[in-house]
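Commentary on secondary and tertiary structure
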Amino acid sequence: MWRDSLLVAGKDLRIEARSRVGLYQVAPFGVVALVLFAFALGPDRTQMAKGAPGLFWVAVLFCTVLAVQRSVSVESVDGARDGIRLSGLDPAGQFLGKAAAVAVQLIVLEVVLGIGVVLLYGASIQVPWLIVASCVLGTVGLAATGTLYGALSAGLRVRETLLPFLFLPIAAPVLLAGTRVWQAGLAGGTESYGSPWLRLLVVFDAIYVALGIVVFGPIQEAA
Amino acid sequence: MASEAPSHPAILLHDAVALSGRFPLLAGVDLEVAVGETVLIEGPNGAGKTSLLRVCAGLVALASGEASVLGLDPVRQRNQLRRRVGLLSHASHLYDDLTVRENVKFAVRAAGGDTDRIAGACERWGLAGRLLKTSASKLSAGQRRRVALASLTARWPELWLLDEPHAGLDASARDTLDRLIGDAGAAGVTVLIASHETEFVESLAARAVTVTGGRITGARSIGAPSLGVPPLGAPSLGVPPVGGLTGGPTDGLDALPGPGPGSAGVAGPIAGPITGRPAGEVAHVA
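Everything quoted here is computed from the prediction, not taken from an experiment.

The rules behind these values
Residues numbered from 1 in each chain as written. Chains lettered and ligands numbered in written order. Predicted model: local features only at pLDDT ≥ 70, side-chain atom pairs only at ≥ 80, totals over all residues. Buried ≥ 20, exposed ≤ 12 C-beta atoms within 10 Å, placed from the backbone. Helix = DSSP H or I, 4+ residues; strand = E, 2+ residues; numbered from the N terminus. Pairing = 2+ DSSP bridges. Axes fitted to C-alpha atoms, helices over the stretch in contact; angles between N-to-C directions. Contact = placed C-beta atoms within 7 Å. Nonpolar A, V, L, I, M, F, W, Y, C, P; charged D, E, K, R; others polar. Expected span 1.5 Å × (residues − 1). pLDDT = per-residue confidence, 0-100.

Residues and elements named next belong to chain B. Neither face of strand β5 (residues 85-88) is exposed, since V85 and L87 on one face and G86 and L88 on the opposite face are all buried. Of the pairings in the sheet, the one linking β5 to strand β6 (residues 159-163) comprises 4 bridges and is parallel in character. From the neighbouring strand, L87 faces β6, where its bridge partner is L161.

So this is what it looks like as structure tokens:
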């Protein structure tokens, strides 16, 4: 399973490095979203800093949809999905590999958006480990759910519209918990405020990674 | 690659029915193919040739009936089976953003194949020099087909399922493919070739079965005149199937051409079990 996941993750990351869709489309989209949120909030820097955690995670959610769409679409061209099924790769390995590739892209994106939040919204990071922990845990959850629901929508002609419809409500706990942890990390609040939300992220991750490992294969066969 | 005669046929389908939604892809197929045998699946467009290959590859599950491919259940043991099967389909299964070499390498590594064979396989298909470093998106349809064939050659699975294998290939590549299929047969690989361009592939196969309407409606040994196949629904001619599902390997048809002695020592049924559904509707061999 681990060998197969490394193989799939390497393949997906190589494809993304070649196509530069993440660099030229997804990351700029996230930054544009942050700028538009700033326009919507007005020139009050205090208000912007206050809304920064939520806006960061909303931008990450939207970018996750794009990254997952891309991850699904590379398997849709020239019968590649059949090709990967025919290879006999362990479905759990495929799931972990695809989710890992999405997660790596999201981590890079979150660094870019994090810098954007600091520069555009004047946010100041007070408890860095809370910010880092929420990003890592939130990314794992988003990548796992995105990959799972991406597989569900794969093969459907309406997958571009169906995926956000399925994925965004399911990802709401990540948005909520990530925002709360970021609030604690930016405001310099007590670490105990962020910890319960981090635990929620851990549980969310565990559920969706386990679910993906178990059901990715049957979903892939049915798609 | 088979090194000794296995106790099971390479492909054994009994009353196989496969559906796409409510649309029947296969409507009751009985087929037995021995290890090392090369069989041509012929029939018009939409007859069910591709579906038959996809069932054998474990890509389409049966709605009813029984199937065994390389001694494995194509559904419950699909991952084990798929590593031992190569399907050359209409699609090339290539990633546009990967180079030719990367595509072949991924296909071989994913199937657990030997990466040392990649260079030779690519060379055999004229994929050398700068072409190896060219991204698949820049290849012509024929070149993409060559890359898919190079992947198959490098993997060298035990069962080759070739769907219109000559499509999109130039004369030189067709010759290469014909030699490759010959080599595979001699090495004990079982090959199923689905084609409606039978003139290109007849010389490669020992026998041919005809698929029509999701059923096997006839069979012939290559080079021998086919027995007339009655239209579907016609009464049986009363000719018993030779080498039926449980029949012997030759049943008195030793003189007919078959897989050579190099084919893992397996003398497969020259004219295998060929019956349509319902039973008795079609049961003919050459």
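Okay, back to it.
Residues and elements named next belong to chain B. Taken in spatial order, the 6 strands make up an open sheet running β5-β6-β7-β3-β8-β9, and their pairing is mixed. A strand with exactly one partner marks an edge of an open sheet, and here the two such strands are β5 and β9 (215-221). Each strand axis lies, on average, 20 degrees off the axis of its neighbour in the sheet, ignoring direction. Pairing geometry for strand β3 (residues 38-42) and strand β8 (residues 207-212), over 4 bridges, is parallel. Within the sheet, the bridge partner assigned to I41 lies in β8 and is V209. Taken strand by strand, helix α1 (residues 49-56) contacts β3, β5, β6, β7 (190-195) and β8, and its axis lies near 155 degrees from that of β7.

This part covers the interface of chain B and chain A. Taken together, the contacts link 21 residues of chain B with 20 residues of chain A. Sorting the residues of the side of chain B that touches chain A by element identifies α2 (78-82) and α3 (100-110) of chain B as the ones contributing at least two each. The element that contributes the greatest number of residues to the side of chain B that touches chain A is α3(B), accounting for 5 residues. Its residues assigned to classes, the side of chain B that touches chain A comprises 11 nonpolar, 4 polar and 6 charged.

Glancing now at helix α5 (residues 91-121) of chain A. Relative to the 45 Å expected for 31 residues at 1.5 Å per residue, α5(A) spans 42 Å between its end C-alpha atoms, a close match to the ideal helical length. G122(A) sits one or two positions beyond α5(A) and adopts a positive phi of about 65 degrees.

Further remarks concern the confidence of the model for chain B. All names here are of chain B. Within chain B, residue pLDDT values average 75, and 76% of them lie at 70 or more. Of all secondary-structure elements in chain B, the lowest mean pLDDT belongs to strand β10 (residues 274-275), at 38, while β6 reaches the highest, 93. For residues 224-286, every residue scores under 50 in pLDDT, and the model assigns this stretch 144 contacts once sequence neighbours within four places are set aside. Across the interfaces of the predicted complex, the ipTM metric reaches 0.83, alongside a pTM of 0.79.

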